[in-house]
Amino acid sequence: MKYYDKLIFELSKEGRCGYSLPDAWKGVELDLPEQLSRKSPAGLPEVSECEVVRHYTNLSQMNFGVDSGFYPLGSCTMKYNPKINEEIAAMPAFCSLHPLQPESSVQGALEVYWNMEKALSAITGMAAFSFNPCAGAHGELSGLMTMRRYHELRGDSARTKVIVPDSAHGTNPASAAVCGLEVVVVKSRPDGLVDVEDLKPLLGNDIAGIMMTNPNTLGLFEKEIKEIAALVHGCGGLLYYDGANMNPLLGVVRPGDMGFDIMHLNLHKTFSTPHGGGGPGSGPIGVAARLADCLPRPRVIREADGRFRIESEKDSSAGRVSAFMGNFGIILRAYSYILSLGRRNLLLAGKLATLNANYIKEELRDCYKLPIDSICKHEFVFDGLIDDGSRKDADGNETRPGATTLDVAKRLLDYGYHAPTIYFPLLFHQSIMIEPTETESKESIDAFIAVMKKIAAEAAEDPMLLKSAPHNTPVSRPDETTAARQPILRWEATQA
Ligand SMILES: *Cc1c(COP(=O)(O)O)cnc(C)c1O
């Protein structure tokens, strides 16, 4: 019997003990105010150290992470997180800082912000960065607030609309709406790129700007970006770059040179910091020089004498978007990644990510439908299986249902792979979005390709095998409707 066949949470036995306090705490009497002191025992489990260690080790093995296997989750850039980043971020000189310490005592930390701003500006072609946003979506909102502030300061208050392509990540229209801007959708052409002819009639003096992802969510480079930039700037709008897909462009081309005015980076994607499960993240935003005064505050400033200072407020700023200075631990990890790769290897990262994606696409195109057949960047999209195993009778009625994209994803779990992103982008009905990243070896990619081919063969033979998958995971197929409608979000102690 595996551990998870019987989820053991009720391990407590009266009197059992598994902790020892550090000497410094022994006999310390805390002078707590009466109303704060506990009136009855906390009701903590009484367990031995061995039981605690096994409990958490077993739980951790029910999970899947980049450290345990290949994680081709499209759009998420689940690259390996080098352990040197963790060591740097865990240095006591960094991790024991307090955000309210005097500036004179945190000069080294402020220098990290300053150096990161220089590095990211060089990588992206932007003039200035703010590190306050704590996620990509938070960066989008902060960037749009910066855009709105820029128009406001010029007395141009009629610009209330933002153009978003129909291929955009869902956070783009959501951020625009949260920012109080109206979303106008521009269509994609059959080749997956923004339809410039559809864009032209949308432009006018009510347009605050356009949000674009390049390469877009299909992994395709928007080749007409220069023309789009000229058109949008021509009507007085700004260009926002969703930098979640910056990975393949590292060292190759810069958003600033493509004509973008504002952008965010997902440090937790492109710059190898761990992510998933809602955090922690970091979505710094960069802007062209004329927008630097509108960036959210606080920002790190360098004085003439070389000392660093925090500029807390500025009248022209879009305001404050988070407490203190963003997720410093994540910024440190990304800084460590950039310094350890250096200019030459950073450039190689993007190119290898592109090579890996194209290799998988070409190897699997005989088994999976490729709706847009062109060279991709770091990711690409299939539209389900070529042979899903379905059968029809003479009248065209289905006698055997075929395997869907969901079934393929579930079956992959049986083979020890995290599933790719599915049913996104919304442009196709059976989207499977694969992003291998540059950190996978040829061997691990070949093994994944072999499994994807095996699953396609299984589907053609017996789609039920996929439809009932996964068979080997701690939890099989949850009832997604009930999980959404009646979620059980916390452990409830039960009588054993
Ligand atoms: C991941 C992603 C986002 C949102 O970033 P978060 O850090 O998850 O908030 C936005 N756009 C695209 C294209 C993405 O892939």
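A brief report on the enclosed structure follows. (Residues numbered from 1 in each chain as written. Predicted model: local features only at pLDDT ≥ 70, side-chain atom pairs only at ≥ 80, totals over all residues. Heavy atoms only, no water.)

**Quick notes on the overall build of the protein chain**
Put simply, the test is: In DSSP terms, a helix is any run of H or I states spanning at least four residues, a strand is any run of E spanning at least two, and both are numbered starting from the N terminus. Throughout, radius of gyration means the C-alpha value; the globule benchmark is 2.2 Å times the number of residues raised to the power 0.38. Here the term buried applies to any residue with accessible area under 20% of the maximum for its type, exposed to any over 50%, and partly exposed to those in between, with areas from a 1.4 Å probe on protein chains only. We call two residues contacting when some pair of their heavy atoms lies within 4.5 Å. All accessible-area figures derive from a Shrake-Rupley calculation using a 1.4 Å probe, and residue coverage is judged against the displayed protein chains alone. Within this scheme the basic residues Lys and Arg register as positive and the acidic residues Asp and Glu register as negative, but His and the chain ends are omitted. Charge coordinates come from a single atom per side chain, which is NZ of Lys, CZ of Arg, CG of Asp or CD of Glu.
Each helix and strand in the protein chain was counted, giving 15 helices and 14 strands. Over its C-alpha atoms the protein chain spans a radius of gyration of 26 Å, differing by no more than 12% from the 23 Å that the globule rule assigns to 496 residues. A buried classification covers 45% of the 496 residues belonging to the protein chain. For the protein chain, the share of sequence-separated contacts (at least 6 apart) that also reach a separation of at least 24 residues comes to 68%. For the protein chain, the computed accessible surface area is about 24,800 Å², with 55% contributed by carbon and sulfur atoms. In the protein chain, 51 side chains carry a positive charge and 62 a negative one; their mean positions are 3 Å apart.

**A closer look at the sheet that holds strand E13 (residues 421-422)**
Put simply, the test is: The rule for pairing is simple: two strands pair if DSSP sees at least two bridges between them. Lines are fitted to the C-alpha atoms to define the axes, a helix being fitted only along its stretch in contact, and any angle between axes, read from their N-to-C directions, falls within 0 to 180 degrees.
Ordered by their spatial adjacency, three strands build an open sheet running E10-E14-E13, and the pairing between neighbours is antiparallel. Edge positions in the open sheet fall to strand E10 (380-383) and E13, since each of these has one partner strand only. Sheet analysis places E13 next to strand E14 (residues 431-434), joined by two bridges and oriented antiparallel. Opposite Ile422, over in E14, you have Ile432 as the bridge partner. Its contacts with the sheet place helix H11 (residues 328-364) against E10 and E14, and it is angled at close to 20° to E10.

**Things to note about the nonpolar core**
As a reminder of what qualifies: Buried Ala, Val, Leu, Ile, Met, Phe, Trp, Tyr and Cys residues form a nonpolar core when they are joined through side-chain atoms within 4.5 Å.
One finds Met116, Leu120, Ile228 and Phe271 to be the most contacted residues of the largest nonpolar core, which totals 54 residues. Of all elements in the fold, only helix H4 (107-124), strand E3 (182-186), helix H7 (196-199), strand E4 (207-212), helix H8 (225-234), strand E5 (238-243), strand E6 (262-265) and H11 reach the threshold of two or more residues within this core. The biggest single contributor to this core is H11, with ten residues. Contacts of Ile228, omitting those with residues within four sequence positions, involve Val194, Val196, Leu199, Ile210 and Met212. Counting residues in hydrophobic clusters, the runner-up holds 26 residues, among them Leu370, Ala403, Val408 and Leu466.

**A short note on H8**
Operational definition: Arc, as used here, means the arc of the directions from the helix axis to the C-beta atoms.
Among the residues of H8, those classed as buried are Ile225, Ile228, Ala229 and Val232. Buried residues of H8, seen end-on, are gathered within an arc of 100° and therefore sit on one face of the element. Exposed and facing more than 90 degrees away from the buried side of H8 are Lys226, Ala230 and Gly234. Residues of H8 that are buried make contact with H7, E4, E5 and helix H9 (255-258). Among the residues trailing H8, Gly236 stands out with phi positive, at a value near 90°.

**Some remarks on the packing of H11 against helix H13 (residues 442-461)**
Selection rule: Oblique is the label for any angle not under 35 degrees, not over 145, and not in the 65 to 115 range, which are roughly parallel, roughly antiparallel and roughly perpendicular in turn. Crossing chirality is assigned from the near helix's rotation relative to the far helix, an anticlockwise turn below a right angle marking it left-handed and a clockwise turn marking it right-handed. Three categories are distinguished: nonpolar for Ala, Val, Leu, Ile, Met, Phe, Trp, Tyr, Cys and Pro, charged for Asp, Glu, Lys and Arg, and polar for the others, with Gly belonging to the last.
One can describe the packing of H11 onto H13 by two numbers: an axis separation of 10 Å at closest approach and a directional angle of 30°. For the element pair H11 / H13, the angle class is roughly parallel. The element H11 and its partner H13 pack so that their crossing is right-handed. Residues Asn356, Tyr359, Ile360, Glu363 and Leu364 of H11 pack against Lys442, Ile445, Asp446, Phe448, Ile449, Met452 and Lys453 of H13. Its residues placed into classes, the contact of H11 with H13 shows seven nonpolar, one polar and four charged.

**Side note on the state of the cysteines**
Our working definition: In what follows, a disulfide is any cysteine sulfur pair within 2.5 Å.
Scanning the model with the defined rule gives zero disulfides in all. A disulfide-free cysteine, Cys179 has its sulfur positioned 13 Å from the sulfur of Cys294, the nearest such atom. Free of any disulfide, Cys235 has its nearest neighbouring cysteine sulfur in Cys179, separated by 17 Å.

**Notes on the site of the ligand**
Selection criterion: A single heavy atom is enough: if one lies within 4 Å of a molecule or strand, its residue is considered near that molecule or strand. Nitrogen and oxygen atoms within 3.5 Å of one another constitute a polar contact, given that in protein one can donate a hydrogen and the other can accept it, and given that sequence-neighbouring residues count only through two side-chain atoms.
Residues in close proximity to the ligand include Ser75, Ala135, Gly136, Ala137, Glu140, His169, Thr171, Asp242, Ala244, Asn266, His268 and Lys269, which together make up its full environment. Between the ligand and the protein, one listed contact pairs an oxygen atom with a side-chain N or O atom of His268 at 2.6 Å. A distance of 2.8 Å is found between an oxygen atom of the ligand and a side-chain nitrogen or oxygen belonging to Lys269. Isolated, the ligand exposes 380 Å² of accessible area, and the fraction of that covered by the protein chains is 87%. Of all elements in the fold, only helix H5 (136-153) and helix H10 (267-270) reach the threshold of two or more residues within the shell around the ligand. Of the residues forming the shell around the ligand, the biggest block, three residues, is contributed by H5. Counted by class, the shell around the ligand contains three nonpolar, six polar and three charged residues.

**A closer look at the sheet that holds strand E1 (residues 128-130)**
Spatially, E1-E7-E6-E5-E4-E2-E3 is the arrangement adopted by the seven strands of the open sheet, whose pairing is mixed. Edge strands, defined here as strands with exactly one partner in the open sheet, are E1 and E3. Across this sheet, the average inter-strand angle for adjacent strands is 25°, counted without regard to direction. Both E1 and strand E7 (residues 285-287) contribute to a ladder of three bridges, which runs antiparallel. Counterpart to Ser130 in the pairing with E7 is Ile285.

**A few points about the side chain of Arg299**
Summarising the element assignment, Arg299 is placed in strand E8 (residues 299-302). Here the side chain of Arg299 touches Phe129 through a polar contact of 3.4 Å, landing on its backbone oxygen. Not counting the four nearest positions on each side in its chain, Arg299 is found in contact with Glu117, Ala128, Phe129, Ala292, Arg309, Ile310 and Glu311.

**Some remarks on the environment of Arg320**
As for its position among the elements, Arg320 is in the loop between strand E9 (308-311) and H11. Taking the C-alpha atoms as reference points, Arg320 and Val66, 254 residues apart in sequence, are found 33 Å from one another. Leaving out residues up to four positions away in the same chain, Arg320 has contacts with Arg297, Pro298 and Ser312.

Purely geometric numbers; function is a separate question.
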